[in-house]
Amino acid sequence: MTVPQLPTHGWLNGAVVDWENCTVHARSQGAFWGANVFEGLRAYRRPDRSGLAVFRIDEHLARLRRSMKALRMEIPFTDEQLKQGVLDVLKANAFEEDAHICVVSYFNMGPNGDPLSHTDDAGAHITTTRAPRGRGFDGGLSATISSWRRISDDSMPPRIKAGANYHNSRLAHHEAVRNGYDTTLLLNQRGTVSEAPGSCVVMLRDGKLVTPPGTSGVLEGITVATLGELAANELGIPMERREIDRTELYTADEIFVAGTLAEVAPVTTIDRIPVGDGAPGVTTRKLQELYDAVVRDQHPDYRHWNTIVHTTETSA
């Protein structure tokens, strides 16, 4: 098996550093108790133009700020500095292929190493890795309904994209994989559909796309918002945000999950019940094609969503 080549550089608190030096202390609150918030972005290679297109970086950084506000976290970097940090670390790694980027804000060491005490000591790091096509993009995913319930706004708010929240996703995903599925869908405390681990759920029913609202225990997704706009503008298909019952999934015409890592991944079975005819749906395939054109800076109407970075001298 080929071992993926590690990146050479990261970004830590304002400077590009060697990959092995992009670290925080094990007793920092961010590392010890997951007291961090983050954003995952993708940068896409443009097939017929030079460089990489970083997709919707401004929207991701705005959501990062909302997460920090909810945790009363302040870092000594502006959005412009973080944005430049993303571009700098992509250049330092000289990526020419698709890349995934994590921008993380974290609480550092508490007084006397206490992981719970308030601290104003906070920092940020940015790392990038090579990112092949999302899992299930081509052939689709088999899914099940998880036995785990989604965390809720009155306990660990999913609207805050915090590292600690993803323990919920990890439990659900690993259970599904052990049971022979590719992924899982979680129900919220009311028993309606929330999201998949790390991605939003969308179904096509009666000619409309339907996805759970922000009050259903979901992260308010940038990818799903993008797809809603593309579906309405380019395909004439509206997207409705409402509660979804579990049994609606069994009778849906199409289902897909959407997120930065997942991109647009068809779900072909739920609890081993075929979705539609059990193959990726026509509308899902059209949205995949649209999304791929947009993120690779190939659609003239949506280039404002992309920030172009030239990562090598030959692409400048």
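We now turn to the structure provided with this report. (Residues numbered from 1 in each chain as written. Predicted model: local features only at pLDDT ≥ 70, side-chain atom pairs only at ≥ 80, totals over all residues. Heavy atoms only, no water.)

### A closer look at helix H3 (residues 79-93)
Okay, so step 1: The terminal C-alpha atoms of H3, which comprises 15 residues, lie 21 Å apart, in line with the 21 Å expected from a rise of 1.5 Å per residue.
Okay, so step 2: Residues of H3 that are buried include every one of Leu 82, Lys 83, Gly 85, Val 86, Leu 87, Val 89, Leu 90 and Asn 93, and no others.
Okay, so step 3: Note on H3: the residue one or two positions beyond its end, Ala 94, has a positive phi of about 55 degrees. (Helix = DSSP H or I, 4+ residues; strand = E, 2+ residues; numbered from the N terminus. Expected span 1.5 Å × (residues − 1). Buried < 20%, exposed > 50% of the residue type's maximum accessible area, 1.4 Å probe, protein only.)

### As for the packing of helix H2 (residues 57-70) against H3
Okay, so step 1: Relative to each other, H2 and H3 sit at 130 degrees, their axes nearing to 11 Å. One element, H2, and the other, H3, form an angle in the oblique class. The interaxial crossing formed by H2 with H3 has right-handed handedness. Between H2 and H3, the contacting residues are Ile 57, Asp 58, Leu 61, Leu 64 and Arg 65 on the first element and Asp 79, Leu 82, Lys 83 and Val 86 on the second.
Okay, so step 2: For the contact of H2 with H3, the class distribution of residues is 5 nonpolar, no polar and 4 charged. (Axes fitted to C-alpha atoms, helices over the stretch in contact; angles between N-to-C directions. Parallel < 35°, antiparallel > 145°, perpendicular 65-115°, else oblique. Left-handed = near helix turned anticlockwise from the far one by under 90°. Contact = heavy atoms within 4.5 Å. Nonpolar A, V, L, I, M, F, W, Y, C, P; charged D, E, K, R; others polar.)

### Here we look at the pairing of strand E13 (residues 254-259)
Okay, so step 1: Along E13, 6 of the 6 residues are buried, which leaves the element largely enclosed by surrounding structure.
Okay, so step 2: Residues Glu 254, Phe 256 and Ala 258 point to one face of E13 and Ile 255, Val 257 and Gly 259 to the other, with burial holding for every one of them.
Okay, so step 3: The sheet contact formed by strand E10 (residues 199-205) and E13 spans 5 bridges and is antiparallel. When the bridges of E13 are listed, Met 203 appears paired with Ile 255.
Okay, so step 4: Here 4 bridges tie E13 to strand E14 (residues 263-270), and the two strands are oriented antiparallel to one another. Of the residues in E14, the one forming a bridge with Val 257 is Ala 265.
Okay, so step 5: Between E13 and the antiparallel strand that follows it, E14, lie 3 residues. (Pairing = 2+ DSSP bridges.)

### A word on the pattern of salt bridges
Opposite charge on two side chains permits them to pair, given that their charged atoms come into close proximity.
Okay, so step 1: A complete count under the given rule lists 21 salt bridges for this structure.
Okay, so step 2: The salt bridge involving Asp 79 is made with Arg 65; its shortest N-O contact spans 2.6 Å. Of this pair, Asp 79 sits in helix H3 while Arg 65 sits in helix H2; the two residues are 14 residues apart in sequence, bridging distant segments of the chain.
Okay, so step 3: Take Asp 79: its relative accessible area is 28%, and that puts it in the partly exposed class.
Okay, so step 4: You can call Arg 65 partly exposed: its relative accessible area is 27%. (Salt bridge = Lys/Arg side-chain N within 4 Å of Asp/Glu carboxyl O.)

### Focus on H2
Okay, so step 1: Helix length check: H2 (14 residues) gives 20 Å between terminal C-alpha atoms against 20 Å at 1.5 Å per residue, within 8%.
Okay, so step 2: For H2, the set of buried residues is Ile 57, His 60, Leu 61, Arg 63, Leu 64, Ser 67 and Met 68. The buried residues of H2 occupy an angular sector of 160 degrees when the element is viewed end-on, so they sit on one face. Facing away from the buried surface of H2 by more than 90 degrees, the exposed residues are Arg 66 and Lys 69.
Okay, so step 3: Backbone geometry just after H2 places Arg 72 at a positive phi near 55 degrees. (Arc of directions from axis to C-beta.)

### Structural notes on a nonpolar patch on the surface
Okay, so step 1: A cluster of nonpolar residues, Phe 32, Trp 33 and Leu 116, forms a patch on the protein surface that exposes about 370 Å² of accessible area.
Okay, so step 2: With respect to the helices and strands, the residue Phe 32 is situated in helix H1 (residues 29-32). (Patch = residues over 30% accessible without salt bridge, like charges linked within 9 Å, V, L, I, M, F, W, Y side chains within 5 Å. Areas by Shrake-Rupley, 256 points an atom, 1.4 Å probe, with all protein chains shown as cover.)

### A short note on the packing of aromatic side chains
Okay, so step 1: Counted by the stated rule, this structure contains 5 aromatic pairs.
Okay, so step 2: Relative to Tyr 291, the ring of Phe 55 has its centre 5.8 Å away and its plane inclined at 80 degrees; by these criteria the two rings are edge-to-face. Taken as a pair, Phe 55 in strand E4 (residues 52-55) and Tyr 291 in helix H7 (residues 282-295) lie far apart in primary sequence, 236 residues in all. Tyr 291 shares its class with Phe 55; the two are buried. (Phe/Tyr/Trp six-rings, centres within 6.5 Å; stacked < 30°, edge-to-face > 60°.)

### A few points about empty space enclosed by the protein
Okay, so step 1: Counting across every chain of the model gives 2 cavities of 30 Å³ or more.
Okay, so step 2: One number sums up the size of the largest cavity: a volume of about 60 Å³.
Okay, so step 3: In terms of lining, the largest cavity is formed by Leu 41, Arg 42, Tyr 44, Phe 55, His 60, Ile 222, Thr 223, Thr 260 and Tyr 291.
Okay, so step 4: Where the lining of the largest cavity is concerned, the elements lending two or more residues are strand E3 (36-45) and helix H5 (222-235).
Okay, so step 5: The element contributing the most residues to the lining of the largest cavity is E3, with 3 residues.
Okay, so step 6: Among the residues forming the lining of the largest cavity, the class breakdown is 5 nonpolar, 3 polar and 1 charged.
Okay, so step 7: Computed from the structure, the second largest cavity encloses a volume of approximately 40 Å³.
Okay, so step 8: Together, Asp 253, Glu 254, Ile 255, Pro 266, Val 267, Val 275, Ala 279, Pro 280, Gly 281 and Thr 284 line the second largest cavity.
Okay, so step 9: Going through the elements one at a time, E13 and E14 are the ones with two or more residues in the lining of the second largest cavity. (1 Å grid on protein atoms, 1.4 Å probe; cavity = no way out; pocket = protein on both sides within 12 Å on 5 of 7 lines; lining within 4 Å. Points joined across faces, edges and corners; volume = space filled by probe spheres on them.)

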